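Topology and contacts: notes
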Amino acid sequence: MELLEERIKKDGVVLPGDVLKVNSFLNHQIDPQLMMTLGQEFARLFKDAGVTRVLTAEASGIAPGIMAAYCLGVPMVFARKKKPSTVTDAVYTAEVFSYTKQVTNTISVEAKFLDANDRILVIDDFLANGEAAKGLISLAEQAGAEVVGVGVVVEKAFQGGHDWLVNHGYHLEALASIKEFADGQVIFN
């Protein structure tokens, strides 16, 4: 998606360890007009998948996830990184290792928000090694739901997440696909 690639080139910062910082429009400050455009594109890409619910992870997946859900006319559920004390009902959980933060989180969704009749679209901000996507897929599978697609705002195609998802039969759509970082610059596929 050209608009997103332009924004990454303009405002993205490549950090050591193959980390792309996009805090000015996605991961700290949110550009709502850009998020709506991303949501419209995800809705276009998955319009024929019969999506009944969007599933994402807090916090950076929420903005593109809610816009995709809005454009598809379905609810969005986000997996929490910490179980609130107010949640006493059954929950689905999965362990997720964060490439950027180098920590493992246990994500969870209350069981009442996912069920076997759901056709889930997983949306996330980044795809690197695929750990967040795998965790979200696990939550959907625990509910007996079908994952009909995975949409990511930015993928680092040179890491293993893309190949894992495609090799496991998931319909993957990345709005910006990074081939590599070279001399502090982003090179797109």
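Residues numbered from 1 in each chain as written. Predicted model: local features only at pLDDT ≥ 70, side-chain atom pairs only at ≥ 80, totals over all residues. Heavy atoms only, no water.

Quick look at the nonpolar core
Leu 4, Ile 8, Leu 20, Val 51, Val 54 and Val 154 are the most contacted members of the largest nonpolar core, which has 32 residues in total. Contributing elements (two or more residues each) for this core: helix H1 (2–11), helix H2 (23–27), helix H3 (32–45), helix H4 (62–72), strand S7 (119–127), strand S8 (146–156), strand S9 (172–182) and strand S10 (185–188). Among all residues touching Val 51, those that are not within four sequence positions of it are Phe 46, Leu 72, Val 74, Arg 119, Leu 121 and Val 148. Judged by nonpolar contacts, the second largest core, of 27 residues, contains Val 96, Ile 107, Leu 127 and Ala 143. (Core = buried A, V, L, I, M, F, W, Y, C linked by side-chain atoms within 4.5 Å. Buried < 20%, exposed > 50% of the residue type's maximum accessible area, 1.4 Å probe, protein only. Helix = DSSP H or I, 4+ residues; strand = E, 2+ residues; numbered from the N terminus. Contact = heavy atoms within 4.5 Å.)

Observations regarding helix H5 (residues 131–142)
Across its 12 residues, H5 extends 16 Å between first and last C-alpha, which sits within 8% of the 16 Å expected from 1.5 Å per residue. When H5 is considered as a whole, its buried residues turn out to be Ala 133, Gly 135, Leu 136, Ile 137, Leu 139 and Ala 140. Downstream of H5 by one or two residues, Gly 144 has phi in the positive range, about 80 degrees. (Expected span 1.5 Å × (residues − 1).)

Here's the deal with the pairing of strand S3 (residues 53–57)
Counting buried positions over the 5 residues of S3 gives 5, a clear majority of the element. Neither face of S3 is open: one carries Arg 53, Leu 55 and Ala 57, the other Val 54 and Thr 56, and all of them are buried. Relative to S7, S3 runs parallel, the two sharing 3 bridges. Among the inter-strand pairings, Val 54 is bridged to a residue of S7, identified as Leu 121. Where S3 lies against strand S4 (residues 76–79), 4 bridges are found, and the strand directions are parallel. (Pairing = 2+ DSSP bridges.)

Some remarks on the UniProt feature "binding site: 5-phospho-alpha-D-ribose 1-diphosphate" (unreviewed entry) in the protein
As annotated in UniProt, the feature "binding site: 5-phospho-alpha-D-ribose 1-diphosphate" (unreviewed entry) corresponds to Ala 128, Asn 129, Gly 130, Glu 131 and Ala 132 in the numbering used here. Relative to the elements of secondary structure, Asn 129 occurs in the loop between S7 and H5. Accessibility expressed as a relative area gives 29% for Asn 129, which makes it partly exposed. Relative to the assigned elements, Glu 131 resides in helix H5. (UniProt positions renumbered as here; feature names shortened; annotations may be inferred.)

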